[in-house]
Amino acid sequence: MKKKYILMIIALFIASLNLRPAINSIAPLLETIRTSLGMNASVASLLTSIPVLCMGLFAPVAIKFSGKWGIERVLGWSLLVIGVGTILRFFTDSVSFLLITAFIAGIGIAFAGPLLPGFIKRHFPKHVPSMIAIYTVALTLGAALSSSLIVPMQNSMNSWQSALGIWAVIAFVAVLLWWLFVMRHIRPQDLPTSTGTKTRMPWTYKKAWLLTLTFGLMAMLFYSFTAWLPDMIQGMGYSKSYAASALTIFVVVQIPVSLVLPILLRRFPSRRLWLMVAALSELVGLVMLASSIAPLIATIFIGVGAGALFSLNLLLPLDATDNPQEAAAWSAMTQSAGYVIGATGPLILGWIHDATDSFSTAIAGLIVINVVMMVVQIAATTIKRKQQLGEINRNYKIS
């Protein structure tokens, strides 16, 4: 492999690390932040919901900007925005200021998220599955590191503001590497042209809405766990460190799942089969949480399900389309509206907690969402004969 591609892979990996720390670093410190700033649960949930909402609202804008200025250039600026939003947390002294940092970082994440797969497709067309695996593992690793190290960092720095802000270092390193390893290797033909083909978003297609809904329900569950899992477990009487460990397990277990799933899909290519297996795994974990049974074991089941569901939901738009342009449009719609739906999860849980002063009702609500998601998944994977699995696997095989 040429040196420039190795450098691009390094830049891709470091860039992908930055898509989750601004979100995942919040949950283990949420109770400390609430006490320090006097936030109720509903407002605190915005620290997770705002970046996720940004990921939904700004995804179409990211596609438009990349068409005008190029994927690579917009990605470089998005990493800088993530860094700015994160470093401002060093100076947080009010609820409103902290929410503003979540919004700024959320915009950067919203632009980088949908464009990194496009970057992979452009520069590594013959190695898309391998590069997607690198992207997914780096994203998950960033989430795992931020959720596991944030409490020790707060203890060593004696400041939750510093513990949150220090993650800007990775973003600024990513910016530097991006400009050195990527932008210096961009050729004139890589830049966008005014004659590029425009593909419309599939707003009028029923199947597109089904894919969007299954992505949205998956995201509701995922970000509800990201925001509130430690508090749920603490509410059962476990320590703060035990609850933080559960969140780390939830994130870390997704890494091997992301690596193993392509192998399983190669042997048993049915998307519906693995969607059901993943959803059932989450359901088992939720029932265990509702029954206060072995939270760490429950978290493993939830993490396995969440990791597989995320990867599978990224794959479904590719299955439903016939060419890369359509795939990009369907993916943009799925993620845009899907993340807006997903952003409501932490908010709803926060409202329920404020109203009941307990997470029992909230967990029951998550179980209902999980069951509804399974029904939608069955509908979303009812494909036409021309899109049967043999053709899908031939055109979009993961290896």
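Summarised in this report is the structure supplied together with it.

What counts as what
Residues numbered from 1 in each chain as written. Predicted model: local features only at pLDDT ≥ 70, side-chain atom pairs only at ≥ 80, totals over all residues. Heavy atoms only, no water. Helix = DSSP H or I, 4+ residues; strand = E, 2+ residues; numbered from the N terminus. Polar contact = N/O pair within 3.5 Å; in protein donor to acceptor, adjacent residues only side chain to side chain. Contact = heavy atoms within 4.5 Å. Phe/Tyr/Trp six-rings, centres within 6.5 Å; stacked < 30°, edge-to-face > 60°. Buried < 20%, exposed > 50% of the residue type's maximum accessible area, 1.4 Å probe, protein only. Patch = residues over 30% accessible without salt bridge, like charges linked within 9 Å, V, L, I, M, F, W, Y side chains within 5 Å. Areas by Shrake-Rupley, 256 points an atom, 1.4 Å probe, with all protein chains shown as cover. Salt bridge = Lys/Arg side-chain N within 4 Å of Asp/Glu carboxyl O. Axes fitted to C-alpha atoms, helices over the stretch in contact; angles between N-to-C directions. Parallel < 35°, antiparallel > 145°, perpendicular 65-115°, else oblique. Left-handed = near helix turned anticlockwise from the far one by under 90°. Nonpolar A, V, L, I, M, F, W, Y, C, P; charged D, E, K, R; others polar.

## A word on the side chain of Thr381
Inspection of the secondary structure puts Thr381 in the loop between α17 (360-380) and α18 (389-395). Reaching out from Thr381, the side chain makes a polar contact with the backbone oxygen of Ile378 at a distance of 3.3 Å. The residues contacting Thr381, other than those within four sequence positions of it, are Arg271, Arg272, Leu275 and Leu316.

## Section: the packing of aromatic side chains
Summed over all chains, the structure comprises 18 aromatic pairs. Pairing Phe90 with Phe91 gives two aromatic rings, centres 6.5 Å apart and planes at 55°, and the pair type is tilted. A residue is classified by how much of its surface remains accessible, and Phe90, at 32% relative accessible area, is partly exposed. On the numbers, 5.1 Å between centres and 90° between planes, the contact of Phe215 with Tyr339 is edge-to-face. Residue Phe215 is located in helix α11 (residues 206-234), and its partner Tyr339 is located in helix α16 (residues 324-356); the two are separated by 124 residues in the primary sequence. Here the two residues Phe215 and Tyr339 agree in accessibility, since each one is buried. Site record: aromatic cluster; members linked through ring pairs are Phe215, Phe222, Tyr223, Phe225, Phe250 and Tyr339.

## Focus on a nonpolar patch on the surface
On the surface, a cluster of nonpolar side chains totalling about 410 Å² of accessible area is made up of Val84, Ile87, Phe90, Phe91 and Phe172. Along the chain, Phe90 falls in the loop between α6 (71-87) and α7 (95-123).

## Overview of the packing of helix α12 (residues 240-252) against helix α15 (residues 295-320)
It is at 8 Å that the axes of α12 and α15 come closest, and there the two elements cross at 25°. Accordingly, the angle class assigned to the pair α12 and α15 is roughly parallel. α12 and α15 meet at a crossing whose hand is right-handed. Here Tyr242, Ser245, Ala246, Ile249 and Phe250 of α12 lie close against α15, whose contacting residues are Pro295, Leu296, Thr299, Ile300, Ile302, Gly303 and Ala306. The class makeup of the residues in the contact of α12 with α15 is nine nonpolar, three polar and no charged.

## Here we look at the side chain of Arg89
Relative to the assigned elements, Arg89 resides in the loop between α6 and α7. If sequence neighbours within four positions are ignored, Arg89 has contacts with Ala22, Ser25, Ile26, Leu98, Thr101, Ala102, Gln161, Leu164 and Gly165.

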